[in-house]
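# Examination of the molecular architecture
This is what each chain is made of:
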Amino acid sequence: MNNKMRTSTLESLNMGSVLDIFKNGKLPVNNDELIDKVFGPKNNRGAMIISGASGIVGAGKVMQFASRLKPYNIPIIALDLPGAPDGISKQYKGLVRAFGRDGANDIMKNIIQLTYDGKSLPETLKSYNPKFLLEAIPEQLELKKVHYQLFKKEFPGIHIWSVTSGFPSKQLGVDIAHPAFPHEINKVFEIVEKQPSVQTQLLWSLGLIPMQMSDDWSFVLDVFFCGLMLASLQYQEKSNMPYWKADKYVRQIIGPNPFRAHDAIGAKGANFLTWSCLYHLSKAYGPLFKPTQSLDEHKDSGQNWYPPDHFRPMVNWHLDNKGKEELHQIIFGALFQMTSIMIKEKRADFVSMNAIGELCAQFTKGLLATMRNQGNTNIINTVKAYQKLHPEAAKTKWYPDVFKKMDTPEWLQLYVNAEHDGKVGVITISRESYNSDVDAELNRAIDWLKKNKIKRVILTSDFHLSTQMVGADTTEFFPALTDTREGYRIAFNWSKTARRFYNEFDISLGFINGKRCMGGMLELMMHCHYLFADTDTSLAMPEVTLPVIPGMEGCHWSIRKAKPTDRNKLISMLMDGKQVKAKDAVGWFVDYASSLENGLKKAWEIMQEGTSALPIRKVEANALKISVKAAKIPNSRNPEFEEARKAIADCIEQACGAPLTKAIEIQARHSADFMVTKLCRKGRVGSEYDKIMQ
């Protein structure tokens, strides 16, 4: 029996645990089997219908499903009313960018566009044997109900999902798959159903991200998205600040621009959907969710929130401390009160709820992680202050008691989980970028495994929420742009965490499951005794292009593990920032690259048999004499790029030229010193800081 810190999100889909995946040497479900279950056998496959296919949501989902179901020759029936705006053609350019013109044209061959009058279905639809309907028609309850009855009468047994952003399943009479925006690329679906279905498992198998939700108004994403918009409007009305200026201050403290987001989606539709969600939430819960007068007006007019750029004056208007405090109290007070309701109702597991804020609402940090870091007392005080500023909120219930037990694994391990079978442990990361929360949770997971006397461990993604590992969260480095102590603290402490996988386990194995692993995440994984990856996984150390200096020992750790004849390959990787496929890096960077199933089996073989299954490449602890110049890296003829290269080259030579015990401090110092340079400030981290914080 497996022991675990908390239940994994994969288990909520009835697909077992990550430890089970390694034990069984395969994924819990098979694409071909699921396709047969959902669409019928190969010789009699049915179609998928997307109704309302010309709208923003419908057109995006047509492209997303058509591209993923193309290998199985599943027809995608794009159904809408005659004369509906042609949203599908607008998506074609994006399809070309992703798949090339030939690939896009091949996908389009499986998309059949049909029209109907809303009262009866086209006769030709029967020839396609529809098995699955994704409904994306306007948010009108009675209209939707009539729509479902039409399909159920013509095609008994057809599986129906609604993409509704607000109506509960019990009102609609069908299950729900609410997709996140942008609809053609965002992989997240909020699923409402009694039990995880084969359709939900198929989404996961196709590389999408289904999350199980309870059957309550507006689920989770739109409480966050619409709730932030409402709080921003309340702040704007109180301060009389222009919408675009309020947007900038909201972005500083939480991440997204709510007003700009509505304009980007399409103000006419987005304003109505936000108003609709808040209106129905206010009827169900109280005036905490009541739309403001300005939202009522924009819902009716469909007007953008931002004026044209030439009508937007550059006002040097800075908030004083009182203004900043009120901004925090309104934005976070509203969201904290709303979140307490969702937690009380158990709308989703904590990990999924937190992830939705980041993956969909674009919060810099998940709201539950923010609350955990704030603590119970600060949460309560913030909500009370908000209710004084906005007395209507005090007329709606909220549940401060849900924040009293924030020392449980469900609260403490929002990004990192651990499980073991008594001998082998698995640590999973469900966040795509490394930050201070992930670092703290990794240390708790390691401590928990060591307490349980686990000496062999696999470090990997969670096979669900994290489909890639993109490096370090650049917002973590904002304080380091002006304070070398902050830069040193981050680099040194994160490196200490990474070293634990090499120093504190008899065998550790970093298993990269996903399309890419880069930067800080790759530095973390390379600290394991073994590094495994899918054959076509892209690996990169792109720091030179940002530019920053790798902070988690990327300038020396992998070089110390490589043969002398292979070290120049790693130097080139650091100096160019280019991606390399895992299959091309075997022996000098990666220990094993293969198909997913073979990798799972080999990893488990090592966990059972030890190093006899595959020799360990040890890290050279003594000082190495490394000359970057000898690697003969071609000059880029870009002075700034060459300056960044020079800084990384100095770090490589000095960190490698010291004993391993000293190298951690040397690399951390180089990383910190570079962060305060003009070159770094002109790069990606500095530009993001200026864009968000200035």
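Residues numbered from 1 in each chain as written. Predicted model: local features only at pLDDT ≥ 70, side-chain atom pairs only at ≥ 80, totals over all residues. Heavy atoms only, no water.

Attention now moves to the overall build of the protein chain. Across its full length, the protein chain holds 27 helices and 20 strands. Relative to a compact globule of 694 residues, whose C-alpha radius of gyration would be 26 Å, the protein chain shows 26 Å and is just as compact. Burial status across the protein chain gives 60% buried among its 694 residues. Counting only carbon and sulfur atoms, one obtains 50% of the accessible surface of the protein chain, whose full area is about 28,700 Å². Between the centroid of the 88 positive side chains of the protein chain and the centroid of its 75 negative side chains there is a distance of 2 Å. (Helix = DSSP H or I, 4+ residues; strand = E, 2+ residues; numbered from the N terminus. Rg over C-alpha atoms; globule rule 2.2 N^0.38 Å. Buried < 20%, exposed > 50% of the residue type's maximum accessible area, 1.4 Å probe, protein only. Areas by Shrake-Rupley, 256 points an atom, 1.4 Å probe, with all protein chains shown as cover. Lys, Arg positive; Asp, Glu negative; His and termini not counted. Charge placed at Lys NZ, Arg CZ, Asp CG, Glu CD.)

Where strand β3 (residues 76–80) meets strand β4 (residues 111–115), 5 bridges bridge the pair, whose relative direction is parallel. In the sheet register, Ala78 faces β4, and the bridge partner there is Gln113. (Pairing = 2+ DSSP bridges.)

Before going further, it helps to spend a moment on the layout of surface pockets. Considering only enclosed or pocket space, the second largest pocket measures out at about 1,300 Å³ in volume. Contributing to the lining of the second largest pocket are 42 residues, with Arg68, Lys187, Ser205, Leu206 and Gly207 lying nearest its centre. When residues of the lining of the second largest pocket are traced back to their parent elements, those giving at least two are α3 (56–69), α4 (87–108), α7 (198–205) and α23 (596–609). Per-element tally for the lining of the second largest pocket: the top contributor is α4, with 7 residues. Considered class by class, the residues forming the lining of the second largest pocket number 15 nonpolar, 17 polar and 10 charged. For the lining of the second largest pocket, the domains that each give at least three residues are domain 1 (45–212) and domain 3 (418–693). (1 Å grid on protein atoms, 1.4 Å probe; cavity = no way out; pocket = protein on both sides within 12 Å on 5 of 7 lines; lining within 4 Å. Points joined across faces, edges and corners; volume = space filled by probe spheres on them. Nonpolar A, V, L, I, M, F, W, Y, C, P; charged D, E, K, R; others polar. Domains from an automatic or database assignment.)

On to the side chain of Thr200. Within the secondary structure, Thr200 sits in helix α7. For Thr200, a relative accessible area of 0% puts it in the buried group. There is a polar contact of 2.6 Å between the side chain of Thr200 and the side chain of Glu193. Ignoring sequence-local partners within four residues, the contact set of Thr200 consists of Leu13, Trp161, Ile191, Glu193, Pro210 and Gln212. (Polar contact = N/O pair within 3.5 Å; in protein donor to acceptor, adjacent residues only side chain to side chain. Contact = heavy atoms within 4.5 Å.)

Applying the stated criterion to the full structure yields 3 cavities of 30 Å³ or more. In this structure, the largest cavity encloses a volume near 70 Å³. Every residue along the wall of the largest cavity is listed here: Arg6, Ser8, Thr9, Leu10, Val18, Val351, Asn417, Thr428, Ser430 and Asp462. Along the lines of polarity and charge, the residues of the lining of the largest cavity split into 3 nonpolar, 5 polar and 2 charged. When its volume is computed, the second largest cavity comes out at roughly 50 Å³.

Moving on, we get to helix α25 (residues 660–675). When the terminal C-alpha atoms of α25 are compared, their 23 Å separation across 16 residues agrees well with the 22 Å that a helix rising 1.5 Å per residue should span. The inward-facing, buried residues of α25 contact α19 (484–503), α20 (519–526), α21 (557–561), α24 (639–656), α26 (678–682) and α27 (684–693). (Expected span 1.5 Å × (residues − 1).)

Our focus in this paragraph is α27. What α27 keeps buried is the set Val685, Gly686, Tyr689 and Ile692. The buried residues of α27 occupy an angular sector of 140° when projected down its axis, which confines them to one face. Against the buried residues of α27 lie α9 (243–254), α25 and α26. (Arc of directions from axis to C-beta.)

Moving on to the packing of α19 against α25. For the pair α19 and α25, the least separation of the axes is 8 Å and the interaxial angle reads 145°. The chirality of how α19 crosses α25 is right-handed. Every residue of α25 that contacts α19 at Thr484, Gly487, Tyr488, Ala491, Phe492, Ser495, Lys496 and Arg499 is listed here: Leu660, Ala663, Ile664, Glu665, Ala668, Arg669, Ser671, Ala672 and Asp673. Classifying every residue of the contact of α19 with α25 by side-chain character gives 8 nonpolar, 4 polar and 5 charged. (Axes fitted to C-alpha atoms, helices over the stretch in contact; angles between N-to-C directions. Left-handed = near helix turned anticlockwise from the far one by under 90°.)

This brings us to the pattern of salt bridges. Where charged atoms from two side chains of opposite charge come close, those side chains can pair. As enumerated under the stated definition, the model contains 37 salt bridges in all. The closest approach of N and O atoms between Glu345 and Arg347, which form a salt bridge, is 2.7 Å. By relative accessible area, Arg347 is classed as buried at 2%. Across the salt bridge formed by Asp690 and Arg681, the nearest N and O atoms sit 2.8 Å from each other. By relative accessible area, which is 28% here, Arg681 ends up partly exposed. Within the structure, one salt-bridge network assembled from shared partners comprises Lys365, Arg372, Asp437 and Glu441. (Salt bridge = Lys/Arg side-chain N within 4 Å of Asp/Glu carboxyl O.)

This next bit is on the domain arrangement of the protein chain. Under the domain assignment used here, the protein chain contains domain 1 (45–212), domain 2 (220–409) and domain 3 (418–693). Inter-centroid distance (C-alpha atoms) of domain 1 to domain 3 is 40 Å. Facing 5 residues of domain 1, the contacting portion of domain 3 comprises 5 residues. Applying the counting criterion to the domain 1 and domain 3 interface returns 2 residue pairs in polar contact (both at pLDDT 80 or more). Here the side of domain 1 that touches domain 3 takes 3 residues from strand β9 (residues 209–212), the largest share from any one element. Considered class by class, the residues forming the side of domain 1 that touches domain 3 number 4 nonpolar, no polar and 1 charged.

With mixed pairing, 3 strands are arranged side by side in an open sheet as β16-β18-β19. In this open sheet, the two strands that pair with only one neighbour each are β16 (516–518) and β19 (580–581). Where α20 meets the sheet, its contacts fall on β16 and β18 (538–540), and the angle it forms with β16 comes to roughly 90°.

Our next topic: the nonpolar core. Nonpolar side chains tend to gather and get buried jointly when the protein is soluble and globular. Formed by 175 residues in total, the largest nonpolar core has its most connected members in Ile427 and Phe589. Per-element tally for this core: the top contributor is helix α13 (residues 321–345), with 11 residues. If sequence neighbours within four positions are ignored, Ile427 has contacts with Val416, Asn417, Ala418, Leu442, Ala445, Ile446, Leu449, Val457, Ile458, Leu459, Thr460 and Phe501. If you look at the next biggest cluster of nonpolar residues, it comprises 62 residues, including Leu10, Met63, Ala104 and Leu206. (Core = buried A, V, L, I, M, F, W, Y, C linked by side-chain atoms within 4.5 Å.)

Our next topic: the sheet that holds strand β6 (residues 159–162). Spatial strand order, β4-β3-β2-β5-β6-β7-β8-β9: 8 strands in an open sheet with mixed pairing. The two strands at the open ends of the sheet, each matched to only one other strand, are β4 and β9. Looking at each pair of strands side by side, their axes are set apart by 25° on average, direction ignored.

This brings us to the pairing of strand β2 (residues 47–51). Burial within β2 is extensive, with 5 of its 5 residues counted as buried. Burial along β2 is two-sided: the residues Ala47, Ile49 and Ser51 and Met48 and Ile50 are all buried. Two elements, β2 and strand β5 (residues 130–135), share 5 bridges in a ladder whose sense is parallel. Within β5, the position partnered with Ile49 by the bridge is Leu133. Relative to β3, β2 runs parallel, the two being bridged by 4 bridges. Counterpart to Ser51 in the pairing with β3 is Leu79.

This part covers the side chain of Ser218. Note on placement: Ser218 falls in the loop between β9 and α8 (221–239). When its relative accessible area of 0% is taken as the criterion, Ser218 is described as buried. If we ignore the near neighbours within four places in the chain, the residues touching Ser218 are Ser165, Gly166, Val223, Cys277, Leu281 and Arg347.

The residue Thr339 is located in helix α13 in this model. Since its relative accessible area comes to 0%, Thr339 is described here as buried. Taking the C-alpha atoms as reference points, Thr339 and Phe463, separated by 124 residues in sequence, lie 26 Å from one another. Not counting chain neighbours up to four residues away, the residues in contact with Thr339 comprise Phe224, Met353, Leu367, Leu368 and Met371.

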